[in-house]
Amino acid sequence: MEKEFICIVCPKGCALKVTAVSESDVKTSDVTGHQCKRGASYAVNECINPVRMLTTTVRVTGSRQQLAPVKSSSPLPKALLHECMAAVNDCTAKTPLKVGDIIIKNILGTGIDIISTSNSSGAGR
Amino acid sequence: MREVQLLVIGGGPAGMAAAVEARKQGVEDILILEREDSLGGILQQCIHTGFGLQIFKEELTGPEYACRYIDMVHKMNISYITGATVLSIKSGRMVEAISPTDGFMRIRAGAVILAMGCRERTRGSLNIPGTRPAGIYTAGTAQKFVNINGYLPGRNVVILGSGDIGLIMARRLTLEGAAVKMVCEIMPKPGGLTRNVVQCLQDFNIPLKLSHTIVEIHGRNRIEGVTVAAVDECKQPAPGTEEFVACDTLLLSVGLIPENEITREAGIDIDPLTAGPVVDKKMQTSMPGVFACGNVVHVHDLVDNVTLQAELAGTSAAGFVAGH
């Protein structure tokens, strides 16, 4: 099996190549073209279970703002992104919120939380 | 009239980092003037990750990066006024500003740091022929609608220009349920970072049309579609390649221009290439004691680089205030 990726871990965007015997058995040593360790594990992940950070907004009450920015506490399986978006859009959070506050615990049973990425004061409407 | 040792114009990443650094270097009396309701600048609407890899050695979202500096500003007791617009910089570093809480202000500053950031290029600077309907936005305006105000600007979207904001918005609108028809780029290669082409377009199967541009905008009240055409090596549309693409929204991600109206009016020298003030190696402009940093000098790819430049400007301004 041979696969090519462009690394998205940092702005460098290394061109990665994976050469492995089978798709189910990919190791970091099968990766070439990376300039750091994270690039190698990115390529392995892309073969086995591609994951992405999800950043979006959640509706809030008790604040002058309508929305608060949120993110997944770690990258989510790529195939679940749209389902996770629907779950976040169904949710309303109460302010005040601090960076890191959990908005949705264990979203879709992934073990990953949706957390606040800003300090939203409870002041205002 | 008020007197301060250091006045910082703009409370985004550049202004905050410059103020924090100047305080570290011993400047006690610092005032930041910010036009929006809160500090943080454009970072507040950049809810995606990718910020801070260099400065904080971790990948943060825009609001998180802003929070780190807002916390430092608060902890160091640096004063700031939000909702404040600077009207002019007069000789002798006399700055005139206005705000709903403080009214008209005249501030004499020992040193000034310009950190006003940049603005997006609009349809007006592109001269796209066609009608003038509603539904045409710059990508950053659409980003503010979606991420701050909670409005979706449209359902069927074409994006012109493959700058990073355009690519990020292609993903954001897709995740919020809009259909992004295509991203057109007049150049033969994408304008934004490769990682954004991968994670914002390829992940969602959004076509990227390189060497293509929009030659006509259709629609009377609301935009109904655009005519897309391939361009030759001279960026001229090639006849016979036109294609009509129906859409209700057009986003423009066609570049940023440093925002230097007050700089220009103050008579400070502007570099015609960058549209930012000419600065020396200490980030000092042609007006002594007036420094500049961040996107107001030239447009940066990464906020981390803005912060580093702002720290240099903060250090230099502190040196000027101290008299060396």
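Keep in mind it's a predicted model, so treat the numbers as computed, not measured.

A. The arrangement of the overall build of chain A in detail. Assigned secondary structure in chain A consists of two helices and ten strands. Reading chain A from its N end, one meets helices and strands in the order β-β-β-α-β-β-β-β-α-β-β-β. Against the 2.2 N^0.38 benchmark of 14 Å for 125 residues, chain A shows a C-alpha radius of gyration of 18 Å, more extended than a compact globule. Viewed in the frame of its principal axes, chain A has a C-alpha envelope of about 60 × 30 × 15 Å. Relative to its 125 residues, chain A shows a buried fraction of 42%. Looking at chain A alone, contacts between residues at least 24 apart form 45% of all its contacts between residues at least 6 apart.

B. Highlighting the packing of helix α2 (residues 81–89) of chain A against helix α4 (residues 164–175) of chain B. Across the interface, α2 of chain A lies against α4 of chain B with an axial gap of 10 Å and an inter-helix angle of 65°. With respect to their mutual orientation, α2 of chain A and α4 of chain B come out roughly perpendicular. Touching L81, H82 and M85 of chain A of α2 of chain A are R172, T174 and L175 of chain B, all from α4 of chain B.

C. Expanded view of the pairing of strand β1 (residues 2–9) of chain B. Residue and element names in this part refer to chain B. As paired elements, β1 and strand β8 (residues 103–114) share seven bridges and run parallel to each other. Residue pairing across strands places L6 opposite A111, the latter belonging to β8. By the bridge criterion, four bridges tie β1 to strand β2 (residues 30–33) in an arrangement that is parallel. In the strand pairing of β2, L6 is matched with I30. Note on the crossover from β1 through helix α1 (residues 13–24) to β2: the handedness is right-handed.

D. Spatial organisation of the domain arrangement of chain B. All names here are of chain B. We note that the domain assignment places domain 1 (2–119 + 257–321) and domain 2 (122–252) within chain B. Using C-alpha coordinates to define each centre, domain 1 is positioned 31 Å away from domain 2. Listed per partner, the contact involves eight residues of domain 1 and nine residues of domain 2. Note on domain 1 versus domain 2: buried area summed over both sides is about 770 Å², and carbon and sulfur give 49% of it. When the buried area of domain 1 at its contact with domain 2 is split by residue, Q45, I47 and H48 rank highest and sum to 63% of it. Linking domain 1 to domain 2 there are two salt bridges.

E. Spatial organisation of the interface of chain B and chain A. Listed by partner, the interface residues are 28 residues for chain B and 28 residues for chain A. Both faces considered, chain B and chain A share a buried interface measuring about 2,300 Å² in area, 59% of it formed by carbon and sulfur atoms. Between the two partners, chain B and chain A, sit four salt bridges. Among the salt bridges present, the one from K78 of chain A reaches D203 of chain B, with a minimum N-O distance of 3.1 Å. Joining chain B to chain A, the criterion identifies ten residue pairs in polar contact (both at pLDDT 80 or more). Sorting the residues of the side of chain B that touches chain A by element identifies α2 (62–75), α3 (139–149), α4 and α5 (194–201) of chain B as the ones contributing at least two each. Looking at side-chain class alone, the side of chain B that touches chain A contains eleven nonpolar, nine polar and eight charged residues.

F. Spotlight on the side chain of T249 of chain B. Relative to the elements of secondary structure, T249 of chain B occurs in strand β17 (residues 249–252). Polar side-chain contacts of T249 of chain B include one of 3.2 Å to the side chain of R222 of chain B.

G. Representation of the pattern of salt bridges in the model. Evaluation of the coordinates by the stated rule reveals 17 salt bridges over all chains. Close ionic contact of E46 of chain A with R52 of chain A constitutes a salt bridge, the shortest N to O distance being 2.9 Å. Comparing E46 of chain A with R52 of chain A shows no difference in burial state: the two are buried. Between E58 of chain B and R68 of chain B there is a salt bridge, with the nearest N and O atoms lying 3.1 Å from each other. Of this pair, E58 of chain B sits in the loop between β3 (49–51) and β4 (60–61) while R68 of chain B sits in helix α2, and the two are ten residues apart along the sequence. Among the residues examined, E58 of chain B registers a relative accessible area of 34% and is labelled partly exposed. R68 of chain B sits in the partly exposed class, given a relative accessible area of 29%. If you follow the salt bridges from partner to partner, you end up with E46, R52 and K78 of chain A together with D203 of chain B in one network.

Rules behind the numbers
- Residues numbered from 1 in each chain as written.
- Chains lettered and ligands numbered in written order.
- Predicted model: local features only at pLDDT ≥ 70, side-chain atom pairs only at ≥ 80, totals over all residues.
- Heavy atoms only, no water.
- Helix = DSSP H or I, 4+ residues; strand = E, 2+ residues; numbered from the N terminus.
- Rg over C-alpha atoms; globule rule 2.2 N^0.38 Å.
- Buried < 20%, exposed > 50% of the residue type's maximum accessible area, 1.4 Å probe, protein only.
- Contact = heavy atoms within 4.5 Å.
- Axes fitted to C-alpha atoms, helices over the stretch in contact; angles between N-to-C directions.
- Parallel < 35°, antiparallel > 145°, perpendicular 65-115°, else oblique.
- Pairing = 2+ DSSP bridges.
- Right-handed = clockwise from strand over helix to strand, strands pointing away.
- Domains from an automatic or database assignment.
- Buried area = accessible area lost by both parts, 1.4 Å probe.
- Salt bridge = Lys/Arg side-chain N within 4 Å of Asp/Glu carboxyl O.
- Polar contact = N/O pair within 3.5 Å; in protein donor to acceptor, adjacent residues only side chain to side chain.
- Nonpolar A, V, L, I, M, F, W, Y, C, P; charged D, E, K, R; others polar.

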